[in-house]
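These are the residues of each chain, in order.
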Amino acid sequence: MTELMADTSPSAQNWQDSSLAGLRAIEIEAMPSFEVLLLDDIAVYAMGSGPLAPPFTVEHGSRVVSALLGAVINSARYTPTQTPVASRNMATVRERFVRGARDFAARGRPGLSQLVNRIIPAALGELEIHKDAPEDQTRSLFYYAVLAVASGPLNLLEEDAAAGALELFDAWDEVFGSGFVLPWRQEVPA
C-alpha cells in the first residue's frame, strides 16, 4: 500500500497535533477509558447496521484510525464505572501501549503517518476476512488497533502482550455482557 499523502491544511494539522498530544499524554491509568471508548466506537461502526459491505477502502481503514485516535484523545475525559480485572498479560499490553504511543509521538508527524499506515491495511484485511461476521470484525479491529500502537515504531511485541490485547477484548466483552452500559448508550425513558 502506498504511503498517504501528507496533508498540510490547517484541519489536517489540527487532527495531527491533537493526535500527537494524545499519544504523548496517555497514562497507564487511562487505559481502561481508552479501551472502552475504542471498543464502543468500533462496535457501533462494525455492528451498528450489520456487516460493513465490501469493497473495503481506505475510508474504512481511516475510520478505524479515527476511532483509535479519538479514544486516545478522549481517554482522560471519561472514567468507566466498571472495569475488568486486569490479568498479567493485560497489564503488559497496557504498558506496551503507553510506551508505543509515546514512541510514535516522539517521532512527530512521521511517527503518526507510520501508525496510520500500519493500521489501515490491517483493518482492511480484517474487514475482508470477517466480512460476514460483524462481531468478529469488531474483535479483530480492536485487537489490531491496540497491537499497532503497543508494538511501537519498531513493530516489536512480546507474545504475552499480544495475548493481553485479546484478553482485553474478552474482558470488556464480559463486562458488557454482565449488563454494563455506557452513559451515552443508556435509553432515556419516554
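Just so it is clear, the model here is predicted, and its values are computed rather than measured. Residue positions within a chain follow its written sequence, with the count starting from 1. For a predicted model such as this one, the threshold for reporting local features is a pLDDT of at least 70, and the threshold for listing and counting side-chain atom pairs is 80 or more; totals across whole chains, interfaces and linings nevertheless cover every residue. Neither water nor hydrogens contribute to the side-chain values; these are computed over all heavy atoms in the structure.

Q: Mind laying out the packing of aromatic side chains, listing which residues take part and the relevant values?
A: Two rings from Phe, Tyr or Trp (for Trp, the six-membered ring) form a pair when their centres sit within 6.5 Å of each other. Planes less than 30 degrees apart are called stacked, planes more than 60 degrees apart edge-to-face, and all others tilted. By the definition in use, this model includes six aromatic pairs. With centroids separated by 4.9 Å and ring planes inclined at 70 degrees, the aromatic side chains of Y78 and W184 adopt a geometry described as edge-to-face. Note that Y78 is positioned in the loop between α3 (58-74) and α4 (88-106) and W184 in the segment after α7 (159-177), a separation of 106 residues in sequence. An angle of 55 degrees between the planes, with centres 5.4 Å apart, marks the rings of F176 and F180 as tilted. Each residue gets one of three labels from its accessible area relative to the maximum for its type: buried under 20%, exposed over 50%, partly exposed in between, using a 1.4 Å probe on protein chains only. For F176, a relative accessible area of 26% translates into the label partly exposed. According to the relative accessible area criterion, F180 is buried, its value standing at 6%. A network of ring pairs unites the aromatic residues W172, F176 and F180 as a single cluster. Segments assigned H or I by DSSP are reported as helices when at least four residues long, segments assigned E as strands when at least two residues long, and all are numbered from the N terminus.

Q: An account of the pattern of salt bridges is requested, with residue identities and associated values reported.
A: Salt bridges are defined as contacts in which a side-chain nitrogen from Lys or Arg sits within 4 Å of a carboxyl oxygen from Asp or Glu. This structure, assessed with the given rule, holds ten salt bridges. Bridged by salt links that share partners, the residues E95, R96 and E158 form one connected network.

Q: Talk me through the confidence of the model for the protein chain; I want residue IDs and the actual numbers.
A: Per-residue pLDDT for the protein chain averages 90, and the proportion of residues at 70 or more is 91%. Confidence of the prediction at every residue is given by pLDDT, a number between 0 and 100. Across the protein chain, element-level confidence peaks in α4 with a mean pLDDT of 98 and bottoms out in helix α1 (residues 10-25) with 84. Residue contacts are counted whenever heavy atoms from the two residues lie within 4.5 Å of one another. Overall, residues 1-11 carries pLDDT values under 50, and its contacts beyond four positions in sequence, including any with other chains, amount to 13 contacts.

Q: So what's going on with the environment of P110? Residues and values would help.
A: If you trace the backbone, P110 turns up in helix α5 (residues 108-129). For the pair P110 and Y143, spaced 33 residues apart in the sequence, the C-alpha separation amounts to 23 Å.

Q: Tell me what's going on with the packing of helix α2 (residues 31-47) against helix α6 (residues 134-150), and back it up with residues and numbers.
A: At a minimum axis distance of 9 Å, the contact between α2 and α6 shows a crossing angle of 140 degrees. Of the two elements, α2 crosses α6, and the hand of that crossing is right-handed. Counted together, F34, E35, L38, L39, I42, A43, A46 and M47 of α2 and P134, E135, Q137, T138, L141, F142, A145 and V146 of α6 form the full contact between these two elements. Under the convention adopted here, Pro, Cys and the residues Ala, Val, Leu, Ile, Met, Phe, Trp and Tyr are nonpolar, Asp, Glu, Lys and Arg are charged, and Gly plus all remaining residues are polar. Looking at the contact of α2 with α6 residue by residue, the classes come out as twelve nonpolar, two polar and two charged. Fitting a line to C-alpha atoms yields each axis, with helices limited to the stretch in contact; the angle taken between N-to-C directions then spans 0 to 180 degrees. Left-handed describes a crossing whose near helix is turned anticlockwise from the far helix by less than a right angle; the clockwise case is right-handed.

Q: Describe α2, and please don't skip the residues or the numbers.
A: Any helix carries an expected span of 1.5 Å times its number of residues minus one. The terminal C-alpha atoms of α2, which comprises 17 residues, lie 23 Å apart, in line with the 24 Å expected from a rise of 1.5 Å per residue. Counting buried positions over the 17 residues of α2 gives 14, a clear majority of the element.

Q: Any chance you could break down the packing of α3 against α5 for me, citing the residues and the numbers?
A: Packing of α3 against α5 leaves a shortest axis separation of 8 Å and a crossing angle of 120 degrees. Considering their axes alone, α3 and α5 lie oblique with respect to each other. Our pair here, α3 against α5, has a crossing hand that is right-handed. Residues V58, H60, G61, S62, V64, V65, L68 and L69 of α3 lie in contact with α5, whose contacting residues are L112, L115, V116, I119, I120, A123, L124 and L127. Its residues placed into classes, the contact of α3 with α5 shows 13 nonpolar, three polar and no charged. The cut-offs work like this: below 35 degrees is roughly parallel, past 145 is roughly antiparallel, 65 to 115 is roughly perpendicular, and the gaps in between are oblique.

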